[in-house]
Amino acid sequence: MKKIKRSYLALAIGFALAFTAPQAASAAGAACGTVTGAVYTHGSERGMKIASSPDASAGGISWDLAAPKNKFHDKQADIWLIGKDFNYDALSSQEIDDWYRFGKIPKDAPVYHTETNKNTGKYEFGGIPEGQYFLVILDSYGRDAAQNLTELDDKQQLQKKLPNWDAFELFNVGPRSCLVQMVTVKRGETVNIKPGTIG
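Predicted model, so just to flag it, every value in this text is computed and none were measured. (Residues numbered from 1 in each chain as written. Predicted model: local features only at pLDDT ≥ 70, side-chain atom pairs only at ≥ 80, totals over all residues. Heavy atoms only, no water.)

### Side note on helix 4 (residues 165–173)
Now for step 1: Among all positions of helix 4, only W165, A167, F168, N172 and V173 are buried.
Now for step 2: Looking at the packing, one finds that the buried side of helix 4 touches strand 4 (78–83), helix 2 (93–102), strand 7 (131–139), helix 3 (149–161) and strand 8 (177–185).
Now for step 3: In the segment just after helix 4, G174 is the residue with positive phi, at about 60°. (Buried < 20%, exposed > 50% of the residue type's maximum accessible area, 1.4 Å probe, protein only. Helix = DSSP H or I, 4+ residues; strand = E, 2+ residues; numbered from the N terminus. Contact = heavy atoms within 4.5 Å.)

As structure tokens, then:
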């Protein structure tokens, strides 16, 4: 009789775990969001203009919409998402060195990296935990001087946030432009970095 009760108990626990596991996975997925965008070519949409829309206050990067469409980079841009609320000073010098020199992201750090698509110029980050991030675009054709005041302020915040900014600039930025803007990722939503807007 005890064996039968134990069997029923084990069966009930098994059903409970099978039912709650997908729910937990679904909840974890729902707590994440997506960031998408595109980086355009030199001589086309790559001509940047300061956004005049209300979204400009959020640090929206604006492009020249009158330029020829569907022209993209012959060089891929590096795109980073770097969490704003993480204490990067707690990382060891070795972790920082491995990150800056070799692109090895420190364990548990809210840092994500991708490159633009060679054919479309688009990029996407999926499964990003909700929160605030620095979106960093390292682009051979970008123009640092074209950034608006909000973007410059975001870049200054990033410089203060990352340990040894000079090393990050040396090994990652190099001769490329470094365009920075703050992005807020919300649960189950997609942040689409469009010309002049954050949608």
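Now, onward.
### Focus on the nonpolar core
Now for step 1: In this structure, I82, W99, V136, L158 and L162 are the most contacted members of the largest nonpolar core, which totals 21 residues.
Now for step 2: Those elements that provide at least two residues to this core are strand 4, helix 2, strand 7, helix 4 and strand 8.
Now for step 3: Excluding residues within four positions of it along the chain, L162 makes contact with I82, Y88, W99, Y100 and F168.
Now for step 4: Formed by 16 residues, the second largest nonpolar core is a distinct cluster that contains L81, F125, L135 and I137. (Core = buried A, V, L, I, M, F, W, Y, C linked by side-chain atoms within 4.5 Å.)

### Thoughts on unusual backbone geometry
Now for step 1: Non-glycine residue D108 carries a positive phi angle of around 70°.
Now for step 2: A residue is classified by how much of its surface remains accessible, and D108, at 68% relative accessible area, is exposed.
Now for step 3: With a phi angle near 50°, N164 is a residue other than glycine that sits in the positive phi range.
Now for step 4: Relative to the helices and strands, N164 is located in the loop between helix 3 and helix 4.
Now for step 5: Judged by relative accessible area, N164 falls into the exposed class, the value being 51%.

### Quick look at the pattern of salt bridges
Now for step 1: Considering all chains together, one arrives at 3 salt bridges under this definition.
Now for step 2: Two residues, R176 and D78, come together in a salt bridge whose shortest N-O distance is 2.8 Å. Placement of the pair is R176 in the loop between helix 4 and strand 8 and D78 in strand 4, with a sequence separation of 98 residues. Residues R176 and D78 agree in their burial class; the two are buried.
Now for step 3: Between R187 and E130 there is a salt bridge whose closest N-O contact spans 3.0 Å. Of this pair, R187 sits in the loop between strand 8 and strand 9 (190–194) while E130 sits in the loop between strand 6 (122–129) and strand 7, and the two are 57 residues apart along the sequence.
Now for step 4: Of the residues examined, E130 reaches a relative accessible area of 37% and is grouped as partly exposed. (Salt bridge = Lys/Arg side-chain N within 4 Å of Asp/Glu carboxyl O.)

### Focus on helix 3
Now for step 1: The end-to-end C-alpha distance of helix 3, which contains 13 residues, comes to 18 Å, matching closely the 18 Å that a straight helix rising 1.5 Å per residue would cover.
Now for step 2: Listed as buried for helix 3 are E151, D154, K155 and L158. With its buried residues spanning 100° around the axis, helix 3 presents them on a single face. Exposed positions of helix 3 whose direction lies more than 90 degrees from the buried face are L149 and K160.
Now for step 3: Looking at the packing, one finds that the buried side of helix 3 touches strand 4, strand 7, helix 4 and strand 8.
Now for step 4: Regarding helix 3, its N-cap is N148, as a side-chain oxygen of that residue lies 3.1 Å from the backbone nitrogen of T150 further along. (Expected span 1.5 Å × (residues − 1). Arc of directions from axis to C-beta. Polar contact = N/O pair within 3.5 Å; in protein donor to acceptor, adjacent residues only side chain to side chain.)

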